[in-house]
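Listed below are the residues making up each chain.
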Amino acid sequence: MSRIKTTVLAAALTTSALLVSACSSGSTAETATNVADGKPIVNKENWPKKVPSSGLTKDLTLPLEAYMASYEDQVTVEQAADDLQQSCMKDYGIDLTLPRAGANPPPSDNDANIERRYGISDRGQAEKYGYELPPALQERTEQTMRDLSGVEVEVLTGHTKPEALKDVKAGGPISSPAQGTKPARSEYNGKKLKTGGCIGWSRDQLGLKQADPSIVAQLAGDSLTQSMKDDSVIKAIAAWSSCMDGKGHPGLGDPYKAMDQGVTADGEPSQESIALAVDDIDCKTQTDLVKIWSAAESAIQDKQIAANKSQLTGIQEQHGKEVAAARKQMAASAE
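Heads up: these notes are all about the structure in this document. (Residues numbered from 1 in each chain as written. Predicted model: local features only at pLDDT ≥ 70, side-chain atom pairs only at ≥ 80, totals over all residues. Heavy atoms only, no water.)

It is worth spelling out the environment of A325 at this point. Along the chain, A325 falls in helix α13 (residues 309-334). Residue classification places A325 among the partly exposed positions, given a relative accessible area of 22%. With 117 residues separating them in the primary sequence, A325 and L208 have C-alpha atoms 9.2 Å apart. (Helix = DSSP H or I, 4+ residues; strand = E, 2+ residues; numbered from the N terminus. Buried < 20%, exposed > 50% of the residue type's maximum accessible area, 1.4 Å probe, protein only.)

Put into C-alpha cells, the structure is as follows:
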C-alpha cells in the first residue's frame, strides 16, 4: 500500500505551482470554510493515531518513526503557512481563502504505515471491510477555490502564472510546474512583492528549510526489504503461508500477495475477501509473524540510525523547530 500522504507539507509549501493548479480548477466559488454536504471540513476523529491502539500492531512503533513527521505536525505546519499566506495576500488587497489542512487524512500517521506495513493487522476492521480501508478514509472532502488571476499568482508565488496552467482542465495532467514562468513584477498596489511571493515569505516566517527528509523514507524502505531476507522472518512468513494454505488459500508467498488478491476492483469488500482477510490475520496471530517481523526490522533500523545519526538528528531538530514556530504562529493568529 502506497502512502497517501507522501508529503502533504512539501506539496503545499515547497511547490507553489501545485497550489496554483488547485486554484485553476475552474471553480469560482470559495468553499474552503463551507462544504455543501454539511460535514465538517476537518474531522480530527478520522485522523490516524500516532501509535496503533488495536490489532496486531497495537502499541507498535519502529525506531525510524522518531524521525518521521506525524500527520498532526504536518497539518499544523501547513495550516500555519496557509494562514500566513492569506494574511500576506490581504496586505496587498487580495482576499484569498485557502483550503483547510487536514481535511483528508491518510490511513496511517507517518511514512512507516505501520498498520499495514506487514499486511493487514486489525481483525475487527478485516471482519467489516476485508482489505479495504474504512469508509471514512475513502471519502474525500472537496474544497474548491476560485481561479487566481495572473497578478494574484505573482503575489502569491513570486513568479508569473505557469503557461502549462493556462489551458489546464480540472483533473487534467499538469506539465512541469516552472514551465513558462518568469519573475513576478516588482510591486503591486504600491507595495514591493516579497521574495518568493507570499509562499516564500510564509516559509521564511516559520523557518522552513528545503532540507530533503526523504532519507528517512528511503531508510525505512531499505529496512523493510532487508528484513524480508532475515532468517527468522523467512521462517515466519513460510509458517504463515502454510497456515493460509491449510485454510484453503494456497499459493500465497507472503502477506502482500494476500492483499493483492483480497483488494476488490470496486472497493466494496466481498464475502470472499473478508474471509481471506480474517484468515490472513488469524494466521499472523498463530505464527507471531508481525512480532517476529517488526523485531527483525527494528534491529535493522537501529543500525541504520547509528550509521546516519548526524543527518537524522538534524532532520529531527529542524522538524521540531518548524512545528514549534507553526504552533506559535497559530496561537498568535487565534488571539
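What follows concerns the state of the cysteines. In this structure the tally under the stated criterion is 2 disulfides. Two residues, C243 and C283, share a disulfide whose sulfurs are 2.1 Å apart. Sign of the S-S torsion, about -80° for the bond between C243 and C283, identifies this disulfide as left-handed. Here C243, found in helix α9 (residues 231-246), pairs with C283, found in helix α11 (residues 271-287); they are 40 residues apart in sequence, far enough to count as distant. Residue classification places C283 among the buried positions, given a relative accessible area of 0%. Each bonded cysteine of the protein chain gets a number by its place in the sequence, and the pairs then read 1-2, 3-4. (Disulfide = S-S within 2.5 Å.)

To continue, consider the packing of helix α8 (residues 214-227) against helix α12 (residues 289-307). Viewed as axis vectors pointing N to C, α8 and α12 meet at an angle of 130°, and their least axial separation amounts to 9 Å. Looking at the two axes, α8 sits oblique to α12. The chirality of how α8 crosses α12 is right-handed. From α8, L219, A220, D222, S223, L224, Q226 and S227 reach across to α12, where they touch W293, E297, I300, Q301 and Q304. (Axes fitted to C-alpha atoms, helices over the stretch in contact; angles between N-to-C directions. Parallel < 35°, antiparallel > 145°, perpendicular 65-115°, else oblique. Left-handed = near helix turned anticlockwise from the far one by under 90°. Contact = heavy atoms within 4.5 Å.)

We now examine the nonpolar core. The tendency in soluble globular proteins is for nonpolar side chains to be buried as a group. The biggest cluster of nonpolar side chains holds 27 residues, and the ones touching the most others in it are Y118, I120, Y131, W240 and W293. Of all the secondary structure elements, the ones that give two or more residues to this core are α9, α10 (255-262), α11 and α12. The residues contacting W293, other than those within four sequence positions of it, are Y118, L224, S227, M228, V233, I237, P255 and Y256. Counting residues in hydrophobic clusters, the runner-up holds 14 residues, among them C88, Y92, L98 and M145. (Core = buried A, V, L, I, M, F, W, Y, C linked by side-chain atoms within 4.5 Å.)

Attention shifts here to the environment of A324. One can find A324 in helix α13. Owing to a relative accessible area of 46%, A324 belongs among the partly exposed residues under this scheme. For the pair A324 and V77, spaced 247 residues apart in the sequence, the C-alpha separation amounts to 8.9 Å.

Compared with the 24 Å implied by 1.5 Å per residue over 17 residues, the 24 Å span of α11 between its first and last C-alpha is a close match. The complete set of buried residues in α11 reads S273, I274, L276, A277, V278, D279, D280, I281, C283, K284 and T287. On its buried side, α11 packs onto α4 (123-129), α9, α10 and α12. (Expected span 1.5 Å × (residues − 1).)

A full pass over the atoms with the stated rule returns 3 aromatic pairs. An angle of 85° between the planes, with centres 5.3 Å apart, marks the rings of W47 and Y71 as edge-to-face. You can see W47 sitting in the loop between α2 (16-23) and α3 (71-91) and its partner Y71 sitting in helix α3, a full 24 residues away along the chain. Of the two residues examined, W47 and Y71, each falls in the buried class. Taken together, the ring pairs in this structure connect Y118, Y256 and W293 into an aromatic cluster. Of note, K191 hangs over the ring of Y92, and the distance from its end group to the ring centre comes to 5.2 Å. (Phe/Tyr/Trp six-rings, centres within 6.5 Å; stacked < 30°, edge-to-face > 60°. Lys NZ or Arg CZ within 6 Å of the ring centre and 35° of its normal.)

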